[in-house]
Structure formats: structure tokens, C-alpha cells
Amino acid sequence: MKKLLMITYDRYPHEGGKSTHMSYLISGLNSIGVKTSVVSFDTVNNAMYAFMKLLIQPTKIKGLDCYLYYRLKVGKYLFKKQIKKALKNDEYDMISAQDAISCSLLNGLETRNAKISLTMHTYFGLEYTLDNDALNEENPYYQKLLKEELESLNIVNGIIAVDSRIKEHLMNIIATHSRKDSISIHSIKNFINTDVFKKKNSIDESIDIICVRRLVEKNGVIYAVKAMKGLDKCIKLHIVGDGPERGKIETFIRENNLQSQVILYGSVKNENILEFYHKCNVAIIPSITVNGLQEATSISALEAMASGMPVIVSSIGGLAELISDKQNGLWANEKDESSIRECILWIKNNPRKSEEIGERARNYIVDNHSHIVAASKYLEIFESNK
């Protein structure tokens, strides 16, 4: 395989795990001779998108859920035109859709015999519920959007899940909704460029904790903030990311006088994330279960582990698969600031053991989550779908 088209309904690059995944995969594929092009939502005509959103403003009369549904319809219409243009201008051996929305838009398009692969970073329908309360599983507009996502199952040759739980979810969904005779399902856990992240800082009396997370409910950042209450002033939490939970987090910081210990940096470009890892010596991924769904293999966790620092994670989902407690990281109970606080204090009181945990973490990532190794696995699956 020589040429691959990667499509995503998100903007690319953006501050988030999926965008980082794409960048690492593209780098890995390029290194093994696969030319990769990207069509993302950034290619949509912004002026036309803004105009069409104005036209659907009256739908808000029926409710925010109705407006969100038609706003997505508008975006999908414009994005499908961009995909069609890319397919017309060039020929590809494979199309790699990075979300079910973009994959579903390939229905009815001439793909010139290119095979179609879908990478699932989350569960069908989940992203509609993350940033707003208007769309939930009981909502009729949510059900419409979910049905449209599931149309991707009619055209894919294979699906790659980024963790085993998403793979199980896919198997259940396909058994119920797919009209195709067979769809190959694979699981390749997330990965990073292990040459970029290096061990920098040792554990000492000053503990600087990095939390690279979008501020949405499922990422549980509020519990990391609550854990800071009562800790020494020499322990600081650096939060890199933004989202709808920011207001709640800022209120807690203000009401508990944590301004000197919890620093919010907002959204940071992916290429600037490295400097934050360089100045911190501990990381935290405090994800929680939402609607029965759990974190996959967090790229933020992989980056921190590759940086040779001890990582505190909620002992759920893909995080529990990635981390062995007190071996290559530390487990905390989800939604439990006391448990997180205990982990922080253990690191502070056991600096040498903590550094050993960080070293084992880096070795584990180099051996199991290299972008070159992952790219070769993806290529093997792409080739088998032909």
C-alpha cells in the first residue's frame, strides 16, 4: 500500500487524544513508506458554515437538541463535499476514517476501489453527550444521530478499536446492527512517538503534577483538583486543557483558596505539550465512568509514562490494563479525591521507589507502545482488508 487518505470530522490538529493519535500514526506510516493525506473539518468553508448555521437558528425554538441535530447535519453536508473533492482529485489504496461520523459520509461516494477502515477511539454515540446535556441516550435526536453513525457499518472493510472494551462494544453493535456478512475487528492500543518523550525530572520535595485532559465530565479532572485541598504548598497541579467543566473547577479553586497550587493553562497546542512534561515530575489521569463507559488507553498516560514519571490513574477501563499498581504507576479509586491524595503523598514520601516506577513505566511504553510498531500493525491490517 502506497497512499492512504485519513479523514476526521474533528479539526486537525486540535488539542486532544485523537488528534495526537493521528499525528503519531501519520509519522509512523510515513517512516515505512506510506504517503498519508488528511481531510479534516478544518477544510470546510468557514464562511459557508457560519451562514448555514444562521439559517437554522429558528430550530432553537423547538429546543437546543433540535438545533444541535441540524447544526451537525449542516456540518456533515459541507464536510462530505470536501471528502468527495479529495477522492476526485487523487486515488488512494485505503481510506482510514478516524470516527464513525466521517466514515458514514463515505456512503454513496465513489471511492475508486479504495478499501475503508474505521478506527474507533470511543463508543458509538458517546461524543454527542460529552459537551452538552441536551443530547442523551433517551433523546430522539440522539437516536437519529446514532442511527446515522451506524450507517458506517454498511461500508467498512475492517474496524480497529483502541482498546479491548471498545472492541467488545463493537462486536455487540455489529451483531445487532450490521447488514454486512462480515467485518473484521481488531484492537491496537494507543501509542506515541517514544523518541520525543524523555525522562527529565527527579522526585524531590517539590511535586509538580501534570494533568493533560479536556475538561469534560468523563475525564474527572475535578477530583484531582479536590485532592489538592489540604496538601503542602510545595505540591502543585498543572492542568493543561479546556472544556465545559472549567467553570466548576475554577469555582472550587476560588472557594478553597487553591489559586497558588492549581494552575489552569487552558488549551495548549500539541507541539507545546512537551515543555509541560519537562517541568513536572508526576502525572495524573483521574478519569471516571460515565453512562457505563470508561477511558480507553489514554495517550496522555502514555506520554507521561514515556517521560519516566509515576502516573496516578483511576483503576478503570484501559487505564487499569495499562498500569500495574506500584509497578509502572499507581491506582486510585475513581471519583475519590482521598484516594488520589493518598497516592500523591505516597510518591512524596517514597521518592526513590517512585522514580523506579517511572523508569519501569518508560521501558514498558518503549517496548509496547511505539508509533513505529503501531504503524506496522495498522499497515498489516490495512493490507489484509484488500
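Preceding this paragraph is the structure being described.
Model, not experiment: these values are computed from the prediction.

Peer 1: Please clarify how the overall build of the protein should be interpreted in this entry.
Peer 2: For the protein, the helix and strand inventory stands at 14 helices and 12 strands. For 386 residues, the compact-globule estimate of 2.2 N^0.38 gives 21 Å, and the protein sits close to it at 21 Å. Expressed as lengths along the three principal axes of its C-alpha atoms, the size of the protein is roughly 60 × 50 × 40 Å. A fraction of 75% describes how many contacts in the protein between residues 6 or more apart in sequence connect residues 24 or more apart. In the structure as shown, the protein presents an accessible area of about 16,800 Å², 47% of it carried by carbon and sulfur atoms. In the protein, the 50 positive side-chain charges and the 46 negative ones have mean positions that sit 5 Å from each other.

Peer 1: Looking at this model, I keep getting lost on the packing of aromatic side chains. Mind explaining?
Peer 2: Aromatic ring pairs: the centre-centre distance and the angle between the two ring planes describe each pair. Summed over the entire model, instances satisfying the criterion amount to 10 aromatic pairs. Taken together, the ring pairs connect Y9, F41, Y49 and F79 into an aromatic cluster. Note that K60 overlies the ring of Y67, its terminal NZ or CZ placed 4.6 Å from the centroid. When the ring centre of Y69 is taken as reference, the NZ or CZ atom of K144 above it lies at 5.4 Å.

Peer 1: For this particular structure, what's the right way to read the side chain of E355?
Peer 2: Positionally, E355 belongs in helix 13 (residues 351–368). Setting aside residues up to four positions removed in sequence, E355 forms contacts with S202 and I203.

Peer 1: What is the right way to look at the pairing of strand 4 (residues 115–120) in this model?
Peer 2: Regular strands show a simple pattern: their side chains alternate between the two faces of the sheet. In terms of residue burial, strand 4 counts as a mostly covered element, since five of its six residues are buried. With four bridges joining them, strand 4 and strand 5 (residues 158–161) adopt parallel strand pairing. Paired with M120 across the strands is A161, a residue of strand 5.

Peer 1: Would you mind showing me how to read the nonpolar core here?
Peer 2: Taken as a class, soluble globular proteins show a tendency for nonpolar side chains to be buried jointly. Core analysis: the biggest nonpolar cluster contains 58 residues, and I83, L106, F124 and I159 have the highest contact counts within it. Among the elements that take part in this core, helix 3 (residues 64–89) stands out by supplying 11 residues, more than any other. Setting aside residues up to four positions removed in sequence, F124 forms contacts with A100, Y142, L146, E149, L150, S152, L153, H169, L170 and I173. By size, the runner-up hydrophobic cluster in this structure holds 46 residues, among which are V34, I160, F197 and I285.

Peer 1: Teacher, can you tell me more about the side chain of E149 here?
Peer 2: Here E149 is to be found in helix 5 (residues 140–150). In this structure, E149 is buried with no salt-bridge partner, the nearest side chain bearing the opposite charge being K76 at 7.7 Å. Look past the residues within four positions of E149 in its chain and what remains in contact with it is A100, I101, S104, F124, G125 and Y128.

Peer 1: Mind showing me how you'd approach the sheet that holds strand 12 (residues 330–332) here?
Peer 2: Hydrogen bonds between backbone atoms are what pair the strands of a sheet, whose relative direction is either parallel or antiparallel. In space, the six strands of this open sheet follow the order 9-8-7-10-11-12, with parallel pairing throughout. Two strands in the sheet have a free side with no partner beyond their single neighbour: strand 9 (262–266) and strand 12. Neighbour-to-neighbour, the strand axes of this sheet turn through a mean angle of 25°, independent of strand direction. Direction of pairing for strand 10 (residues 282–285) relative to strand 11 (residues 311–314): parallel, over a ladder of three bridges. In the strand pairing of strand 11, A283 is matched with V311.

Peer 1: Teacher, can you tell me more about the sheet that holds strand 5 here?
Peer 2: Strand order in the open sheet made by the six strands is 2-1-3-4-5-6, with parallel pairing throughout. With partners counted over all chains shown, the strands left at the sheet margins are strand 2 (35–39) and strand 6 (184–187), one partner each. For this sheet, the mean inter-axis angle between neighbouring strands, taken without regard to orientation, is 20°. Lying over the sheet, helix 3 contacts strand 1 (3–7), strand 2 and strand 3 (94–97), oriented at roughly 150° with respect to strand 2. Along the sheet, helix 6 (residues 164–177) contacts strand 4, strand 5 and strand 6; its crossing angle with strand 6, the most-contacted strand, is approximately 165°.

Each value, and the rule that gives it
- Residues numbered from 1 in each chain as written.
- Predicted model: local features only at pLDDT ≥ 70, side-chain atom pairs only at ≥ 80, totals over all residues.
- Heavy atoms only, no water.
- Helix = DSSP H or I, 4+ residues; strand = E, 2+ residues; numbered from the N terminus.
- Rg over C-alpha atoms; globule rule 2.2 N^0.38 Å.
- Contact = heavy atoms within 4.5 Å.
- Areas by Shrake-Rupley, 256 points an atom, 1.4 Å probe, with all protein chains shown as cover.
- Lys, Arg positive; Asp, Glu negative; His and termini not counted.
- Charge placed at Lys NZ, Arg CZ, Asp CG, Glu CD.
- Phe/Tyr/Trp six-rings, centres within 6.5 Å; stacked < 30°, edge-to-face > 60°.
- Lys NZ or Arg CZ within 6 Å of the ring centre and 35° of its normal.
- Buried < 20%, exposed > 50% of the residue type's maximum accessible area, 1.4 Å probe, protein only.
- Pairing = 2+ DSSP bridges.
- Core = buried A, V, L, I, M, F, W, Y, C linked by side-chain atoms within 4.5 Å.
- Salt bridge = Lys/Arg side-chain N within 4 Å of Asp/Glu carboxyl O.
- Axes fitted to C-alpha atoms, helices over the stretch in contact; angles between N-to-C directions.

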